[in-house]
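Okay, here's what each chain looks like letter by letter:
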Amino acid sequence: MSVDKKRVVYAFPHLGAGAAVYNAWSKYAQEQSQLLFKAIEIPGRGALGGEAHIQELDELVNKLADALHLHYVSAQDQCQDWITFGHSFGGVISMAVNQLLERKYGMRPTFSIISASPAPCVQEQENLHLLSDEAILEKIRRDKGTPEAVLNQPLIANRLIKQLRSDYTVKSQFGALKHMRVKQPLTLITASKDFDVPERDVFAWQEHSTGKTKHVEVAGDHFAIYDNWDVVEREMLQGLVSEQPVC
């Protein structure tokens, strides 16, 4: 890849999170001359905190696809190609956005990286959005993805509950994606001690792509990927680049 051209990485956050979850990676990526790292923000949080939360899958996917397309068009002069990364819930959303981008704009990423995300074809119907605030807060604690000190601050905890309820509502609609298909190669990342998402459920993404798949494992639990930038960077730079993007 030319040093004058960068690869854009569009990173989708996990359930309940926003673009800020990738702040550390954004800083690391600034030291990598070949990458332009763009964390995707979700309406209702972070820089888009003034916007309403979106609880409809189709509406969210359309809004994110349009935003990604607009960004790529504006940055195209300095970019050679683009890829996507999504962790857990963000993996599914990233693939739904990818499918729509190709249908709507004729865009296809060179490849996509999916981390600790069960494929839609094996996901069972969930109605976690119907839980009480107290039950959602307790689930946040069990998942161990948020420091207890943060959860002990009522304003922050209430915001997280609202974000999670919105994402749970979106997730309850993932059944509509059981027959989703994309064409790009996929890099599937699992964690050795991820007891929330079995490896076989991540491998099921092979049913959703006509491209080749590659498997990478990191040590740790469901959120271990955030402590493995070196692995992620390697995959973002090399990946499966057997086909050129359609833009």
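Scroll up to find the structure this text is about.
Our subject in this report is the structure included herewith. Note that this is a predicted model, so its numbers are computed, not measured.

## Concerning the overall build of the protein
Right, on to step 1. When you go through the protein residue by residue, the secondary structure sums to eight helices and six strands.
Right, on to step 2. Walking the protein from its N terminus toward its C terminus, one meets helices and strands in the order β-α-β-α-β-α-β-α-α-α-β-α-β-α.
Right, on to step 3. Since a compact globule built from 247 residues should have a radius of gyration of about 18 Å, the 17 Å found for the protein is in line with a globular shape.
Right, on to step 4. C-alpha atoms of the protein, sized along the principal axes, occupy 50 × 35 × 35 Å.
Right, on to step 5. Counting over 247 residues, the protein shows a buried share of 51%.
Right, on to step 6. Sequence separation of 24 or more characterises 80% of the internal contacts of the protein that already satisfy a separation of 6 or more.
Right, on to step 7. For the protein, the computed accessible surface area is about 11800 Å², with 49% contributed by carbon and sulfur atoms.
Right, on to step 8. In the protein, 26 positive and 31 negative side-chain charges are present, and the distance between their average locations comes to 2 Å.

## Some points on unusual backbone geometry
Right, on to step 1. A positive phi is found at S88, a non-glycine position, where the angle reads about 55°.
Right, on to step 2. Tracing the sequence through the fold places S88 in the loop between β3 (79-87) and α3 (89-105).
Right, on to step 3. Backbone geometry places A116, a non-glycine residue, at a positive phi of 50°.
Right, on to step 4. Among the structural elements, A116 can be located in the loop between β4 (112-115) and α4 (133-143).
Right, on to step 5. Take A116: its relative accessible area is 3%, and that puts it in the buried class.

## Focus: the pattern of salt bridges
Right, on to step 1. Under the counting rule described, the total for this entry stands at 10 salt bridges.
Right, on to step 2. The shortest N-O distance in the salt bridge between R108 and E102 comes to 2.9 Å.
Right, on to step 3. When its relative accessible area of 13% is taken as the criterion, R108 is described as buried.
Right, on to step 4. With a shortest N-O distance of 2.6 Å, D133 and R165 are connected by a salt bridge.

## A word on the sheet that holds strand β5 (residues 186-191)
Right, on to step 1. Across the sheet, which stays open at both edges, the six strands sit in the order β2-β1-β3-β4-β5-β6 with parallel pairing between neighbours. Because the sheet does not close on itself, it has two edges, and the strands there are β2 (35-39) and β6 (213-218). In this sheet, adjacent strand axes meet at a mean angle of 20° when their direction is disregarded.
Right, on to step 2. Running over the sheet, α3 touches β1 (6-12), β3, β4 and β5 and is turned about 140° from β3.
Right, on to step 3. Packed onto the sheet, helix α8 (residues 229-237) meets β1, β2, β3, β4, β5 and β6 and runs at close to 165° relative to β6.

The rules behind the values
Residues numbered from 1 in each chain as written. Predicted model: local features only at pLDDT ≥ 70, side-chain atom pairs only at ≥ 80, totals over all residues. Heavy atoms only, no water. Helix = DSSP H or I, 4+ residues; strand = E, 2+ residues; numbered from the N terminus. Rg over C-alpha atoms; globule rule 2.2 N^0.38 Å. Buried < 20%, exposed > 50% of the residue type's maximum accessible area, 1.4 Å probe, protein only. Contact = heavy atoms within 4.5 Å. Areas by Shrake-Rupley, 256 points an atom, 1.4 Å probe, with all protein chains shown as cover. Lys, Arg positive; Asp, Glu negative; His and termini not counted. Charge placed at Lys NZ, Arg CZ, Asp CG, Glu CD. Salt bridge = Lys/Arg side-chain N within 4 Å of Asp/Glu carboxyl O. Pairing = 2+ DSSP bridges. Axes fitted to C-alpha atoms, helices over the stretch in contact; angles between N-to-C directions.

Without other data, these values stay purely geometric and don't point to any function.
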